[in-house]
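Read off the chains here:
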Amino acid sequence: MALAASPTVADRVALSGYRPKITQNGGATINSIANTSVVHDDIHIMEFSPNGAELWVGHDGGLSMTANVDGVTTSNFTWLSKNNGLAVGTMLAIASSPTNKHEVLAGNQDEGNNLLDDQNGTVAWRIIQGADGGAVKFSPDGRKAWTQQYDLNGGWLMSAST
């Protein structure tokens, strides 16, 4: 759970266990301020800026900020990603190809399994499986990649690709 108290407004508190929320009146009403396209549900830290005008959150998907905390309601809340192009996640496993220096697999919590590879001369990360990523391995000849992921139906899936 993350919690942040405004340094300028005594009754303004932001909190999160699962998805961020804010109160402007000391908890009499609490509004959701979630936008899962920018802010991941698993928030680890929240902090208001020193002047209280911005709320910053660190989550599984990186760092996000909002600058409209005054009188906020769910319908008028805007988050901005502050990752600045960084591929951010909580990495649980990593494997590099034994035959291609541009191929790397990563298993990420809540952000799936990702592959760094060379696509038409551009080396970039791409998601190859969603949900919870897990163990990742390449075969010794680099021709096969194994990945493990947790699916939303409550079980681990193992797959291989060539």
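Residues numbered from 1 in each chain as written. Predicted model: local features only at pLDDT ≥ 70, side-chain atom pairs only at ≥ 80, totals over all residues. Heavy atoms only, no water.

**Concerning the overall build of the protein chain**
Working step 1: Along the protein chain, the regular secondary structure elements total zero helices and 15 strands.
Working step 2: Expressed as a percentage of its 162 residues, the buried residues of the protein chain come to 36%.
Working step 3: Here the analysis covers contacts within the protein chain between residues at least 6 apart in sequence; of these, 32% occur between residues at least 24 apart.
Working step 4: When the accessible surface of the protein chain is summed, it comes to about 9,100 Å², and 53% of that surface belongs to carbon and sulfur atoms. (Helix = DSSP H or I, 4+ residues; strand = E, 2+ residues; numbered from the N terminus. Buried < 20%, exposed > 50% of the residue type's maximum accessible area, 1.4 Å probe, protein only. Contact = heavy atoms within 4.5 Å. Areas by Shrake-Rupley, 256 points an atom, 1.4 Å probe, with all protein chains shown as cover.)

**Details of the sheet that holds strand β6 (residues 55-59)**
Working step 1: Taken in spatial order, the four strands line up as β5-β6-β7-β8 in an open sheet, and their pairing is antiparallel. What marks the edges here is a single partner per strand, and that holds for β5 (43-48) and β8 (80-81). (Pairing = 2+ DSSP bridges.)

**Topic: the nonpolar core**
Working step 1: Among the nonpolar cores identified, the biggest contains 14 residues, and Ala14, Met46, Phe48, Leu55, Val57 and Trp79 are the most heavily contacted of them.
Working step 2: Elements represented by at least two residues in this core include exactly β1 (2-5), β5 and β6. (Core = buried A, V, L, I, M, F, W, Y, C linked by side-chain atoms within 4.5 Å.)

**Quick word on the pattern of salt bridges**
Working step 1: Applying the stated criterion across every chain yields a total of one salt bridge.
Working step 2: A salt bridge links Arg126 to Asp117, with the shortest nitrogen-to-oxygen separation between them at 2.9 Å.
Working step 3: Note on Asp117: relative accessible area 6%, which makes it buried. (Salt bridge = Lys/Arg side-chain N within 4 Å of Asp/Glu carboxyl O.)

Scope: geometric values only; no functional claims are made or implied.
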